[in-house]
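# Report on the structure
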Amino acid sequence: MEHWIDKIDAADSLEELESIRIAIFGKKGELARAFADMKNVPAEEKPKVAKELNLLKHSLTQAFEKRKATLEAKALEERLKAEALDVSLYTPRPQSGALHPVMQTMDRIIEYFTDLNFAVETGPLVEDEFHNFEALNLPDYHPARDMQDTFYFKDGKLLRTHTSPVQIRTMMEQKPPIRMISPGAVFRRDFDLTHTPQFHQVEGLMVDRKGNVSFANLKWILEDFLHTMFGEVDIRFRPSFFPFTEPSAEVDISCIFCEGKGCRVCSHTGWLEVLGCGMVDPNVFKAVGYEDVSGYAFGLGVERFAMLIHKIPDLRSLFEGDLRLLEQFQ
Ligand code: DAH
């Protein structure tokens, strides 16, 4: 019966091993028969035959358990292999949103000034003539009012045409010194290739005791700011006019498209206008009741900054919500 040990060792699967087990150890199996045959063994040989039989049973059991363990381990391994999940498999991810490039630019501008301890102030979008015009030295008859085509409401209120009225509100609420910026939406009756009825500005204002704030301070901070935003560009201050500043200047950077050589974007001048600024006009201080102070102010358009920083050629593409553009800003 020893050949059964070879059969056990050769069993290839748990099923095959099970049929061998039944054939050996089952009720009608080889061992049962061998033990039953004992009745034919002469009495004097019985102890010897019984002992041999028991030893054989022991060896068969051991061989069986060993083979069973091996086959079970093999089966487990095969199952794990068959049921394994490929976690490296590519699945499309849900798309995540991102801030609009105009708001990203706004955040960069705000961050520059808050790092220098400028406070962020806000004001209402629906303004009155006093804050939007009069207190900013733009009286009724002033021709510069026409520069800002205004949306009026029936009650005489209006959609603010710039963020400058927040200067007025802040100065009327707080005592000097003031160091603030005011980011937000503004509105004008204007719609063409380079103008939209709503856009965004950031206004800046610094006021301190007379003599403590100079044009040199203004020049320094705007140059540092523009280098932070646009990198190594040339900067020039050009005399200009705003009713709320005296003297006033417009600030240009060397064209980032042609590096100052002259191209269509800069109308072949080599320069791009990026903001307006000046020393706060005495009439503005008078309107808010400030005395013995000096200050500078500046204002800029955020869409224009975003277009120049990202070299976006058409203003309207910032409002169309085209994902092919927006996905580049994630
Ligand atoms: N308010 C001006 C505009 O909307 C921008 C501006 C220019 C603001 C010069 C200022 C400034 O504070 O000093 O076009």
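All values derive from a computational prediction rather than experimental measurement. The residue count restarts for each chain, going from 1 along the sequence in the order it is written. The model is predicted, so local features are restricted to residues of pLDDT at least 70 and side-chain atom pairs to those at 80 or more, both for listing and for counting; the totals for chains, interfaces and linings are taken over all residues. The basis for every side-chain value is the complete set of heavy atoms in the structure, and neither hydrogens nor water enter the calculation.

For sheets, the rule is that strands pair by backbone hydrogen bonds, running either parallel or antiparallel. Strands are treated as partners if at least two bridges between them are detected by DSSP. To qualify as a helix, a DSSP run of H or I must reach at least 4 residues; to qualify as a strand, a run of E must reach at least 2; elements of each kind are numbered from the N terminus. Reading across from one edge, β1-β4-β5-β9-β8-β7-β6 is the order of the seven strands in this open sheet, with mixed pairing throughout. Both edges of this open sheet fall to β1 (119–120) and β6 (235–242), since each of them pairs with a single strand only. Relative to strand β7 (residues 245–254), β6 is paired through seven bridges, and the arrangement is antiparallel. Looking at the pairing, Ile235 lines up with Ile253 of β7. Residue contacts are counted whenever heavy atoms from the two residues lie within 4.5 Å of one another. The angle between two axes is taken between their N-to-C directions and runs from 0 to 180 degrees, where each axis is a line fitted to C-alpha atoms and a helix contributes only its stretch in contact. Lying on the sheet, helix α10 (residues 302–310) is in contact with β5 (198–209), β8 (271–280) and β9 (293–301); it crosses β8 at an angle near 145°.

Next up on the list: the pattern of salt bridges. Any two side chains of opposite charge can pair, on the condition that their charged atoms come close. Note on definitions: salt bridges are taken to be side-chain nitrogens of Lys or Arg within 4 Å of carboxyl oxygens of Asp or Glu. In this structure the tally under the stated criterion is 12 salt bridges. Measuring nitrogen to oxygen at the nearest pair gives 3.9 Å for the salt bridge that ties Glu52 to Lys48. Highlighted residues: Glu52 and Lys48, both in helix α4 (residues 46–83), separated by four residues, approximately one helical turn. Measuring nitrogen to oxygen at the nearest pair gives 3.4 Å for the salt bridge that ties Glu83 to Arg79. Of the two residues, Glu83 and Arg79 are both situated in helix α4; the distance of four residues between them amounts to about one turn of the helix. Look at Arg79 and you get exposed, because its relative accessible area is 51%. It is possible to trace a salt-bridge network through shared partners that takes in Arg236, Arg238, Glu250, Asp252 and Glu273. Partly exposed describes any residue whose relative accessible area lies between the buried limit of under 20% and the exposed limit of over 50%, with all areas from a 1.4 Å probe on protein chains only and scaled to the type maximum.

The next point concerns the site of the ligand. For this purpose, a residue is taken to be near a molecule or strand whenever a single non-hydrogen atom of the residue falls within 4 Å of it. Of all residues adjacent to the ligand, which total 16 residues, the nearest are His162, Ser164, Arg188, Gln201 and Glu203. Contacts described as polar in this section are N or O atom pairs within 3.5 Å, which, within protein, must combine one atom able to donate a hydrogen with one able to accept it, while residues neighboring in sequence count only if both atoms come from side chains. Within the side chain of Gln167, an N or O atom sits 3.4 Å from an oxygen atom of the ligand. Contact distances for the ligand include 2.7 Å between an oxygen atom and a side-chain N or O atom of Arg188. Here the ligand loses 91% of its free accessible area of 350 Å² to cover by the protein chains. Those elements giving two or more residues to the shell around the ligand turn out to be β5, β8 and β9. Each residue is assigned to one class: nonpolar for Ala, Val, Leu, Ile, Met, Phe, Trp, Tyr, Cys and Pro, charged for Asp, Glu, Lys and Arg, and polar for all the others, Gly among them. Of the residues belonging to the shell around the ligand, the class tally is five nonpolar, nine polar and two charged. Reported accessibility uses the Shrake-Rupley method at a 1.4 Å probe radius. Residues are deemed covered only where the shown protein chains occlude them.

By convention, a stacked pair of Phe, Tyr or Trp rings (six-membered ring in the case of Trp) has centres within 6.5 Å and planes under 30 degrees apart, an edge-to-face pair has planes over 60 apart, and any other such pair is tilted. This model, assessed by the stated rule, comprises 12 aromatic pairs. Aromatic side chains Phe113 and Phe225 sit 4.9 Å apart centroid to centroid with 45° between the ring planes, which places their arrangement in the tilted category. Placement of Phe113 in helix α5 (residues 101–115) and of Phe225 in helix α8 (residues 215–230) is noted, with a sequence separation of 112 residues between them. Grouping residues by exposure puts Phe113 and Phe225 together as buried. To sit over a ring, a charge needs its Lys NZ or Arg CZ within 6 Å of the ring centre and within 35 degrees of the ring normal. Across the ring face of Trp4, the terminal group of Lys7 is positioned such that the distance to the ring centre comes to 4.5 Å. Sitting above the plane of the Phe257 ring, Lys311 keeps its charged end 5.9 Å from the centroid.

This paragraph deals with the nonpolar core. Definition used in this section: a nonpolar core is a set of buried Ala, Val, Leu, Ile, Met, Phe, Trp, Tyr and Cys residues joined via side-chain atoms within 4.5 Å. Grouped together as the largest cluster of nonpolar side chains are 47 residues, with contacts concentrated most on Phe225, Leu226, Leu275 and Phe305. Mapped by element, the contributors of at least two residues to this core are α5, β5, α8, β6, β7, β8, β9 and α10. The greatest single-element share of this core, amounting to seven residues, is contributed by α8. Discounting residues that sit within four places of it in the chain, Leu226 has contacts with Gly231, Ile235, Val251, Ile253, Val274, Leu275 and Phe305. Leu136, Leu158, Tyr290 and Ala297 belong to the second largest nonpolar core, which has 21 residues in total.

The next thing to look at is α8. Here α8 spans 22 Å end to end across 16 residues, near enough to the 22 Å set by a 1.5 Å rise per residue. Where the residues of α8 are buried, they touch α5, β6, β7, β8, β9 and α10. The opening residue of α8 is Ser214, an N-cap whose side-chain oxygen sits 3.2 Å from the backbone nitrogen of Ala216. Taken from the residues just after α8, Gly231 is the one with a positive phi, measuring 80°. The span expected for a helix works out to 1.5 Å for each residue beyond the first.

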